[in-house]
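# Overview (structure and organization)
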Amino acid sequence: MKTLTIDIRKAELRDAAAIADVHQEAWQGAYSGIIPHRALTGMINRRGPNWWANAIRRAASVLVIEIGGELAGYATIGKNRARELSQQGEIYELYLRPEYQGIGLGSRLFAEARKKLSASGLRGLVVWALEENAGALSFYEGAGGRDIAEGVEVFDQKALKKVAFVWD
Ligand SMILES: CC(C)(COP(=O)(O)OP(=O)(O)OC[C@H]1O[C@@H](n2cnc3c(N)ncnc32)[C@H](O)[C@@H]1OP(=O)(O)O)[C@@H](O)C(=O)NCCC(=O)NCCS
């Protein structure tokens, strides 16, 4: 039997193309039928390998999770952007390739992202998820997040509700 190792680490420049690929697969899987097709395709196309290479170069905090040497997902983390919320840290994005969802990798990446934020001195954490993304809502509820605020995001004139989960 082959043993698969799971590794979570900061993204490096060589990961840019694989992250772009995960981003495309995960966003299509999560948002097709929720975000209008044209807006979704536009967002995916903007985030190609060059976009990710720049994000990694600019020291944006991008974490990746690898399983058996394959990049299975990524998270981006930093300061909370919503002034009305007192939590200092934020997970901007947390996405896994569809074939790696539902086997505990998201929970591990989430825990590591939270640890990194707190190690960098940021107290408390916010994550936003689209209300129609039922899987994400269950995931953050299951991880102990409190559903505390709502907002709206507009995609090609379609307004979608988003929900903020917080951890103190
Ligand atoms: C949301 C996501 C990060 C969760 O990671 P994951 O590895 O699939 O989740 P885990 O296997 O660690 O599951 C942990 C818990 O979350 C819940 N959960 C996760 N995905 C779920 C889903 N699609 N539907 C319902 N519950 C779900 C379960 O309650 C699970 O608890 P259990 O272990 O008792 O069954 C991942 O599924 C993903 O990338 N989804 C698509 C992209 C996305 O929606 N990202 C979040 C955007 S804000």
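Residues numbered from 1 in each chain as written. Predicted model: local features only at pLDDT ≥ 70, side-chain atom pairs only at ≥ 80, totals over all residues.

Their axes nearest at 8 Å, the elements helix 1 (residues 16–31) and helix 3 (residues 49–57) cross at an angle of 115°. In the crossing of helix 1 with helix 3, the sense of the turn from one axis to the other is right-handed. Taken together, the residues of helix 3 that come into contact with helix 1 (itself represented by Ala16, Ala17, Ile19 and Ala20) are Pro49, Trp52, Ala53 and Ile56. For the contact of helix 1 with helix 3, the per-class residue count stands at eight nonpolar, no polar and no charged. (Axes fitted to C-alpha atoms, helices over the stretch in contact; angles between N-to-C directions. Helix = DSSP H or I, 4+ residues; strand = E, 2+ residues; numbered from the N terminus. Left-handed = near helix turned anticlockwise from the far one by under 90°. Contact = placed C-beta atoms within 7 Å. Nonpolar A, V, L, I, M, F, W, Y, C, P; charged D, E, K, R; others polar.)

Next up on the list: the site of the ligand. The local shell around the ligand holds 19 residues, among which Gln101, Gly106, Ser107, Gly135 and Ser138 are the closest. Those elements that place two or more of their residues in the shell around the ligand are helix 1, strand 4 (89–96), helix 4 (105–119) and helix 5 (134–142). In terms of residue count, helix 5 provides more of the shell around the ligand than any other element does, five residues in total. A breakdown of the residues in the shell around the ligand according to their chemical character gives 10 nonpolar, nine polar and no charged. (Near = placed C-beta within 6 Å.)

For strand 6 (residues 146–155), the buried fraction is low: zero of the 10 residues fall into the buried class. Both strand 6 and strand 7 (residues 158–167) contribute to a ladder of nine bridges, which runs antiparallel. Paired with Glu153 across the bridge in strand 7 is Leu160. Linking two consecutive strands that pair antiparallel, namely strand 6 and strand 7, is a turn of two residues; a positive phi of about 45° is found at Asp156 within it. (Buried ≥ 20, exposed ≤ 12 C-beta atoms within 10 Å, placed from the backbone. Pairing = 2+ DSSP bridges.)

Read across the sheet, seven strands follow the order 1-2-3-4-5-7-6 without closing on themselves; strand pairing throughout is mixed. The sheet is open, and its two edges are formed by strand 1 (6–10) and strand 6, each paired on a single side. Each neighbouring strand pair of the sheet contributes to a mean axis angle of 25°, computed without reference to strand direction. Packing against the sheet, helix 4 makes contact with strand 1, strand 2 (61–67), strand 3 (70–79), strand 4 and strand 5 (125–130), and its axis sits at approximately 145° to strand 2.

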